[in-house]
Amino acid sequence: MLRDCINILFTALPFIAVPFVTQKSIVSLAQYVRVLKLFWQVTIAAELEYRVNFVIAVISSIGGLAGSLFGLFLFYRTDYTFPGWLWSEALVVLGIFTILQGVAATFLVPNLNKIVSYVQEGTLDFVLLKPVSSQFWLSTHTVSLWGLPDLIFGLVIVFYAGRQVGLSALDYLAMLPPLGFGILSLYSLWFILGATSIWFVKIYNVTEVLRSLLEAGRFPIEGYPAAYRVFFTFIIPVAFLTTVPAKTMMGRSEPTWLLGSALLALILFQFSRWFWRFALRFYTSASS
Amino acid sequence: MRSFRVARTLISVYYAYMVEYRAELIFWVLSGSFPLIFLGLWNQAAQSGDLGFTSAEFARYFLAIFLVRQFTVVWVIWDFEKEVVQGKLSPLLLQPVDPVWRHFFGHVAERATRIPFILLLIGLFCLLYPEAIWLPTPYACLWGSLTLLLSFCLRFLIQYTFAMLAFWIERASAIQQFWFLFYTFLSGMVAPLALFPEPIREFALWTPFPYLVYFPASLLIGLPVDLTRGLVMMVAWGAIALLINRWLWQAGLRRYSGMGA
């Protein structure tokens, strides 16, 4: 079962490599994919040494899920419903949130939270010397299997709730683009915050702030007061991470939201690349 | 007299250390914004129907939760785990002070450095929800602050007990994270306990979780709670944790094989 999951993980390789390939880069897409595959084979082999960790991850994931369901249930046990969201529809949002949590734990946390320590210890030098894009190296060189249970349980909830809402296979496919854009936005924000460590050095907790704000994505954005909605749409784009994919899935999203989600992801990603190059100009390495 | 001097020295040392990292502190304060998310949700919910709480009451409740959380933040397990795994505990064992006091006063000193940021956030809150401003009665002040103090001690004690497991396993903090899940959902951080279904509320009240957040917060804003039962529960859980803690500490030290031990 674990092995199947790992194989599925590897099918994601080309999608992850694509954004990092530009016309100017000397390394081709195929080479990026090969590098990525090597990175992951090594880290997965290392992680499989600690199988107990995986069991703990599964148990924590189940506990977290029970808690999330309980939190949502507290709202719906009275007659109150989030405006325009039935119980099963709100469940879809929760499922997508759980998937994103899994994605973050698998790909983002193990990589991006380490940028801080590279800067602090001066080992960033070794990364910069390598012939691949340093942003690519920093963002992808490890995966953590700890996030897999969240990914799987998130999918289970989405499919379960989707059946109750009466969604077709096509609806699930329609969700993929906004979900992909959401993940790209999330990654870019996270990376930008991680990159600020070039100046501040000791900022483990900036990403903690981001994480705690993302918790808002557990619930449909319509459940919040107006001021919160503005904040979670335009300042920390939580709405685009969970509510927009869920709405798209149920065919209730206007094209402008989808367009906004795509634009946001592309702009944030482009900004993260520019910001990283900008930040590097201020990097005073340990050896020079 | 000696212990008083030790405490004063440790507090002033750690206060100076914490002030050094002010910028980092702001982020730690902000990362406790979880109750504010639920404040928004419940505030909105209360406007559309009768839940037994008004919008202002929800606002007040979650502000109190936010405050309690700020004053009871504990991170001793991550520090202790590092000390054991990297062998840094060894030199500390040579000193004539139990290492726990370093951690404890470090936490206490950090509280003091947080206060300016917390006041700032309270000011912001008063601007946003002027209808929710309240003045605690003397009774609420007395018992609220006393239980707040107790719940900080209880939380510290429980986490320090988990930290002892670092002598046996490398990632004791994983256990803390699992514990934290229950803490999040049973401590009243997501909703006042009055809104829980009856059996779950009864169950929660027998666990230590509500006494870490809900209980002092309720006393501060004057929600009805069973004061005697709360105090008894806190003392009982504290005693259990203390016993296990000392026992694990003794057994752990015998097992400890860090550098220089």
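For the structure itself, consult the block above.
All values reported here derive from a predicted model rather than from experimental measurement.

Colleague: Which parts of the structure should I look at to understand the overall build of chain A?
Modeller: Per the secondary structure count, chain A includes 16 helices and 0 strands. Over its C-alpha trace chain A gives a radius of gyration of 19 Å, about what one expects of a compact globule, namely 19 Å for 288 residues. A principal-axis box enclosing the C-alpha atoms of chain A has dimensions of 65 × 40 × 35 Å. Look at the contacts in chain A between residues 6 or more apart in sequence, and 78% of them connect residues 24 or more apart. Of the roughly 13,300 Å² of accessible surface on chain A, 69% is carried by carbon and sulfur atoms. Side-chain charges in chain A split into 18 positive and 13 negative, and the spacing between the mean points of these groups amounts to 8 Å.

Colleague: I'm lost on the overall build of chain B in this one. Help?
Modeller: Scanning chain B for helices and strands turns up 13 helices and 0 strands. When the helices and strands of chain B are read in sequence order from the N terminus, they spell out α-α-α-α-α-α-α-α-α-α-α-α-α. For 261 residues, the compact-globule formula gives about 18 Å, and the C-alpha radius of gyration of chain B, at 20 Å, lands near that figure. Across its three principal directions, the C-alpha atoms of chain B cover 65 × 40 × 35 Å. Counting across all 261 residues of chain B, residues that qualify as buried make up 52%. Long-range pairs, those at least 24 residues apart, make up 79% of the contacts in chain B with a sequence separation of at least 6.

Colleague: Help me out: how do you make sense of the packing of aromatic side chains in this one?
Modeller: How two aromatic rings sit relative to each other is set out by the distance from centre to centre and by the angle between their planes. Within the structure shown, the criterion is met by 55 aromatic pairs over all chains. Relative to F275 of chain A, the ring of W199 of chain A has its centre 5.7 Å away and its plane inclined at 50°; by these criteria the two rings are tilted. In this pair, W199 of chain A is assigned in helix α11 (residues 197–200) and F275 of chain A in helix α16 (residues 255–280), connecting sequence segments 76 residues apart. Since its relative accessible area comes to 12%, F275 of chain A is described here as buried. One Lys or Arg, R252 of chain A, reaches over the ring of W85 of chain A and ends 5.0 Å from the middle of that ring. In this arrangement the basic side chain of R229 of chain B is found over the ring face of W206 of chain B, its NZ or CZ atom lying 4.6 Å from the centre.

Colleague: How should I be thinking about the interface of chain A and chain B in this particular structure?
Modeller: Reports often express the size of an interface as the amount of accessible area lost when the parts come together. With 34 residues of chain A at the contact, the number on the chain B side is 31 residues. Approximately 2,900 Å² of surface area, both sides summed, lies buried where chain A meets chain B, with 74% of it carried by carbon and sulfur atoms. Summed over the shared surface of chain A and chain B, the result is 0 salt bridges. Inspection of the chain A/chain B interface yields 3 residue pairs in polar contact (both at pLDDT 80 or more). At the level of secondary structure, the elements contributing two or more residues to the side of chain A that touches chain B comprise α4 (51–76), α12 (206–214) and α13 (226–235) of chain A. In terms of residues, the side of chain A that touches chain B owes the most to one element, α4 of chain A, which gives 11 residues. Across the side of chain A that touches chain B, the residue classes tally to 19 nonpolar, 9 polar and 6 charged.

Colleague: Would you take a moment to explain the packing of α12 of chain A against helix α2 (residues 22–30) of chain B for this structure?
Modeller: A packed helix pair is summarised by two numbers, namely the angle formed by the two axes and the spacing between the axes. In contact at an axis separation of 8 Å, α12 of chain A and α2 of chain B are set at 15° when each is read in the N-to-C sense. For the element pair α12 of chain A / α2 of chain B, the angle class is roughly parallel. The two elements α12 of chain A and α2 of chain B meet at a crossing, and its hand is left-handed. Facing α12 of chain A, whose interface residues are V206, E208, V209 and S212 of chain A, α2 of chain B presents F27, W28 and L30 of chain B. Looking at side-chain class alone, the contact of α12 of chain A with α2 of chain B contains 5 nonpolar, 1 polar and 1 charged residues.

Colleague: It is not clear to me how the nonpolar core should be interpreted in this structure. Could you clarify?
Modeller: The nonpolar side chains of a soluble globular protein tend to be buried with one another. If you look at the biggest cluster of nonpolar residues, it comprises 166 residues, and the most contacted ones within it are W40 of chain A together with W42 and F80 of chain B. Counting residues per element, this core draws most heavily on helix α5 (residues 87–112) of chain A, at 13 residues. For F80 of chain B, the residues in contact, after removing those within four places along its chain, are L89, H103, Y160, A163, M164, A166, F167 and W249 of chain B.

Colleague: Help me out: how do you make sense of the side chain of T113 of chain B in this one?
Modeller: Note that T113 of chain B resides in helix α7 (residues 99–128). The contact partners of T113 of chain B, leaving out residues within four places of it in the chain, are Y15, M18, V19 and L25 of chain B.

Colleague: What am I meant to see in the environment of L173 of chain A here?
Modeller: Secondary-structure assignment places L173 of chain A in helix α10 (residues 169–195). Along the sequence, L173 of chain A and M249 of chain A sit 76 residues apart, while their C-alpha atoms lie 8.0 Å from each other.

Colleague: Looking at this structure, I do not really get a nonpolar patch on the surface. What am I missing?
Modeller: Where nonpolar side chains cluster on the molecular surface, the patch consists of V230, F231, F234 and I235 of chain A and spans about 420 Å² of accessible area. You can call F234 of chain A exposed: its relative accessible area is 67%.

Colleague: Whenever I open this one, the pattern of salt bridges confuses me. Can you help?
Modeller: Where charged atoms of side chains with opposite charge meet at close range, the side chains can pair. Residues and elements named next belong to chain B. Enumeration according to the criterion identifies 7 salt bridges over all chains in this entry. Where E198 meets R201, a salt bridge forms, and the shortest distance between an N and an O atom there is 2.6 Å. With E198 and R201 both in helix α10 (residues 198–206) and 3 residues apart, this pair spans about one turn of that helix. Linked by salt bridges that have partners in common, E110, R111 and R114 make up one network.

Cut-offs applied
- Residues numbered from 1 in each chain as written.
- Chains lettered and ligands numbered in written order.
- Predicted model: local features only at pLDDT ≥ 70, side-chain atom pairs only at ≥ 80, totals over all residues.
- Heavy atoms only, no water.
- Helix = DSSP H or I, 4+ residues; strand = E, 2+ residues; numbered from the N terminus.
- Rg over C-alpha atoms; globule rule 2.2 N^0.38 Å.
- Contact = heavy atoms within 4.5 Å.
- Areas by Shrake-Rupley, 256 points an atom, 1.4 Å probe, with all protein chains shown as cover.
- Lys, Arg positive; Asp, Glu negative; His and termini not counted.
- Charge placed at Lys NZ, Arg CZ, Asp CG, Glu CD.
- Buried < 20%, exposed > 50% of the residue type's maximum accessible area, 1.4 Å probe, protein only.
- Phe/Tyr/Trp six-rings, centres within 6.5 Å; stacked < 30°, edge-to-face > 60°.
- Lys NZ or Arg CZ within 6 Å of the ring centre and 35° of its normal.
- Buried area = accessible area lost by both parts, 1.4 Å probe.
- Salt bridge = Lys/Arg side-chain N within 4 Å of Asp/Glu carboxyl O.
- Polar contact = N/O pair within 3.5 Å; in protein donor to acceptor, adjacent residues only side chain to side chain.
- Nonpolar A, V, L, I, M, F, W, Y, C, P; charged D, E, K, R; others polar.
- Axes fitted to C-alpha atoms, helices over the stretch in contact; angles between N-to-C directions.
- Parallel < 35°, antiparallel > 145°, perpendicular 65-115°, else oblique.
- Left-handed = near helix turned anticlockwise from the far one by under 90°.
- Core = buried A, V, L, I, M, F, W, Y, C linked by side-chain atoms within 4.5 Å.
- Patch = residues over 30% accessible without salt bridge, like charges linked within 9 Å, V, L, I, M, F, W, Y side chains within 5 Å.

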